[in-house]
Amino acid sequence: IDDLVHGAMNQKMLIENIKNQLEESQLDQFVKYFLENEFKVYFCSDHGNIFCEGNGYNPNSQLVEDKAARAVLYNTKNLAENEDFNNKLILQFPNILGEQYIVTMRDRTKFSNREAGFTHGGINIEEVIVPFIEVIK
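Residues numbered from 1 in each chain as written. Predicted model: local features only at pLDDT ≥ 70, side-chain atom pairs only at ≥ 80, totals over all residues. Heavy atoms only, no water.

Engineer: How would you sum up helix α2 (residues 11-25)? Please name residues and give values.
Structural biologist: The α-helix advances 3.6 residues per turn, and as a result positions three or four apart in sequence lie on the same side. With 15 residues, α2 extends 21 Å from end C-alpha to end C-alpha; this agrees with the ideal 21 Å at 1.5 Å per step. Gln26 sits one or two positions beyond α2 and adopts a positive phi of about 55°. (Helix = DSSP H or I, 4+ residues; strand = E, 2+ residues; numbered from the N terminus. Expected span 1.5 Å × (residues − 1).)

Engineer: Kindly report on the confidence of the model for the protein chain, identifying the contributing residues and their values.
Structural biologist: Across the protein chain, pLDDT averages 84, with 96% of residues at or above 70. Across the protein chain, element-level confidence peaks in helix α3 (residues 27-36) with a mean pLDDT of 93 and bottoms out in helix α6 (residues 125-128) with 72. (pLDDT = per-residue confidence, 0-100.)

Engineer: So what about the nonpolar core? Which residues, and what values?
Structural biologist: Ranked by size, the top nonpolar core spans nine residues in total: Val64, Val72, Tyr74, Ala80, Phe85, Tyr101, Val103, Met105 and Phe111. If you list the elements that add at least two residues to this core, you get β4 (71-74) and β6 (101-105). Ranked by residue count, the leading element in this core is β6, at three residues. Tyr74 has contacts with Pro59, Leu63, Val64, Leu79, Ala80, Glu83, Gln100, Tyr101 and Val103, leaving out every residue within four places of it along the chain. (Core = buried A, V, L, I, M, F, W, Y, C linked by side-chain atoms within 4.5 Å. Buried < 20%, exposed > 50% of the residue type's maximum accessible area, 1.4 Å probe, protein only. Contact = heavy atoms within 4.5 Å.)

Engineer: Describe the pairing of strand β2 (residues 50-54), naming the residues involved and giving the relevant values.
Structural biologist: Relative to strand β8 (residues 116-119), β2 runs antiparallel, the two being bridged by four bridges. Across the sheet, the residue bridging to Glu53 is Ala116, located in β8. Relative to strand β7 (residues 109-110), β2 runs parallel, the two sharing two bridges. Looking at the pairing, Gly54 lines up with Lys110 of β7. (Pairing = 2+ DSSP bridges.)

In structure tokens:
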């Protein structure tokens, strides 16, 4: 479903594609089986989204290891520190990412043009909470 949402060109078609995907997958039978066998069933998304505006800055894609609208990943501290835009925040989690560095923003902006819209991948609370629901018999 995540792939369908990210590749969607049309909201109405997206909803129809999700319905078709769920019907073809027989997800309801899968859930029913586990509930009947005393399992707890949860659905979750990867993380939330946030409405933000572009900061007009485009990181050099040749130097970036991985890029999203709200964060970029660099292999060296030098490259991460070289980025120059307002509200820059550099994060490193050696136990998770090794020597790589995340560059994101302290505010509700995203990389690229000034266009506003929904995105995800940064550190704002809306983006780091993982929404989930429990399915009950």
